[in-house]
2 protein chains.
Amino acid sequence: MKNPIEQLNKVFDSRVRLGIMSAVMVNDEVNFNELKELIQVTDGNLASHLKTLEENGYLLVKKGFIGRKTNTTYAITKSGEKAFKAHIDALEKMIKGLH
Amino acid sequence: MKNPIEQLNKVFDSRVRLGIMSAVMVNDEVNFNELKELIQVTDGNLASHLKTLEENGYLLVKKGFIGRKTNTTYAITKSGEKAFKAHIDALEKMIKGLH
DNA sequence: TAAAAGCACTTTGAGATTAAAAGTAAACAG
DNA sequence: CTGTTTACTTTTAATCTCAAAGTGCTTTTA
């Protein structure tokens, strides 16, 4: 049996990124402000985590408008979903080992 | 209901530290090599994570000998146990929200 | 209607964190 | 003895995180 710790994804170590991912897992689309509200981080901080996730191909960014206001939404990609599920599985295995 | 993400402990974000903690949760004492074997990190990396955990009061370090060889063992403290359990609870809550 | 304020991010740069390389001291091997 | 290994520790380099400042609109206000 291999160690579940090795299966944990480094990208998801960060609380902020974990929060973003769980938000996009349960919602088709989330926008910047919803995420900011949910996770309680500064703009810059949130943006940089979003960028990392995007660069890893886990997040799809759609820049649009609501009326005349810009509105950027974030959605999970197939690969993001796969990676995140694997991470959660590893987490669950690890936790189970503790009870 | 407040966001479980806020309840996650920053100290336990790191995979390495998560691994160390889960090892000391289930074993009374673990030594450096066992941890190194388990987590697959370099010595220096492991040592620095152990130090962080020790500095946070989550780990108790006992320097001893096996025969003539030095043997340093690590054990979880009461406070480490409490903190780690809280972290796991938050993790579980977050995961549950996803299913 | 020009200036000020707000919004939704992005960029920047400093500080913190992580990781690996190098170092050290004791023990063991030949 | 001399060289090598073991078990860490220290140092240094790389990476990451975060918040402050900046950008390009849009909206408000005087």
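Everything below is about the structure shown above.
Because the structure is predicted, anything quoted here is derived from the model rather than measured.

(A) Structural detail: the protein's contact with DNA strand C. Around DNA strand C lies a shell of 16 residues, among which Asp43(A), Lys63(A), Thr72(A), Asn45(B) and His49(B) are the nearest. Of everything in DNA strand C that lies within 4 Å of the protein, sugar and phosphate atoms constitute 73%. In the model, a base nitrogen of DNA strand C is placed 3.3 Å from a nitrogen or oxygen of the Asp43(A) side chain. Arg68(B) is positioned such that a nitrogen or oxygen atom in its backbone is 3.2 Å from a phosphate oxygen of DNA strand C. Partitioning the surface near DNA strand C into residue classes produces 2 nonpolar, 8 polar and 6 charged.

(B) Structural context of the sheet that holds strand β2 (residues 59–66) of chain B. All names here are of chain B. In space, the 3 strands of this open sheet follow the order β1-β3-β2, with antiparallel pairing throughout. Edge positions in the sheet fall to β1 (30–31) and β2, since each of these pairs with one other strand and no more. As paired strands, β1 and strand β3 (residues 69–76) are joined by 2 bridges and run antiparallel to one another. The residue bridging Asn31 from the neighbouring strand is Thr73, located in β3. The strands touched by helix α1 (residues 15–26) within the sheet are β1, β2 and β3, with β3 carrying the most contacts at an inclination of about 90 degrees.

(C) Focus on empty space enclosed by the protein. Throughout the structure, instances matching the rule amount to 1 cavity of 30 Å³ or more. Estimated volume of the largest cavity: approximately 90 Å³. As for the largest cavity, its lining consists of Phe12(A), Asp13(A), Leu18(A), His87(A), Leu91(A), Phe12(B), Asp13(B), Arg15(B), Leu18(B), His87(B) and Leu91(B). Counting residues per element, the ones that place at least two in the lining of the largest cavity are α5 (78–96) of chain A together with α1 and α4 (78–96) of chain B. Taken together, the residues of the lining of the largest cavity break down into 6 nonpolar, 2 polar and 3 charged.

Rules of the game
Counting restarts for each chain, with residues numbered from 1 along the sequence as it is written. As a convention, the first chain written is A and the first ligand written is 1, with the rest following in written order. Where local features are concerned, this predicted model is filtered to residues with pLDDT of at least 70; where side-chain atom pairs are given and counted, the filter is 80 or more; whole-chain, interface and lining totals use all residues. Hydrogens and water molecules were not included; the side-chain quantities draw on all heavy atoms of the structure. By convention in this text, a residue qualifies as near a molecule or strand provided that one of its non-hydrogen atoms is within 4 Å of it. Think of a polar contact as two N or O atoms within 3.5 Å of one another; within protein, one of them needs to be a possible hydrogen donor and the other a possible acceptor, and neighboring residues in sequence only count if both atoms come from side chains. All amino acids are sorted into three groups, where Ala, Val, Leu, Ile, Met, Phe, Trp, Tyr, Cys and Pro are nonpolar, Asp, Glu, Lys and Arg are charged, and the leftover types, Gly among them, are polar. Only strands that DSSP links by at least two bridges are regarded as paired with each other. Comment: elements are numbered from the N terminus, with helices defined as DSSP H or I runs of at least four residues and strands as E runs of at least two. Any pair of residues with heavy atoms lying within 4.5 Å of one another is described as a contacting pair. For every element, the axis is a line fit to its C-alpha atoms; helices are fit only across the contacting stretch, and the angle between N-to-C directions ranges from 0 to 180 degrees. Cavity: a set of points on a 1 Å grid over the protein atoms alone where a 1.4 Å probe fits but cannot get out. Pocket: an open set with protein on both sides within 12 Å along at least five of seven lines, its lining residues, like those of a cavity, having an atom within 4 Å of a point. Grid points are joined across faces, edges and corners, and a volume is the space filled by probe spheres set on the points.

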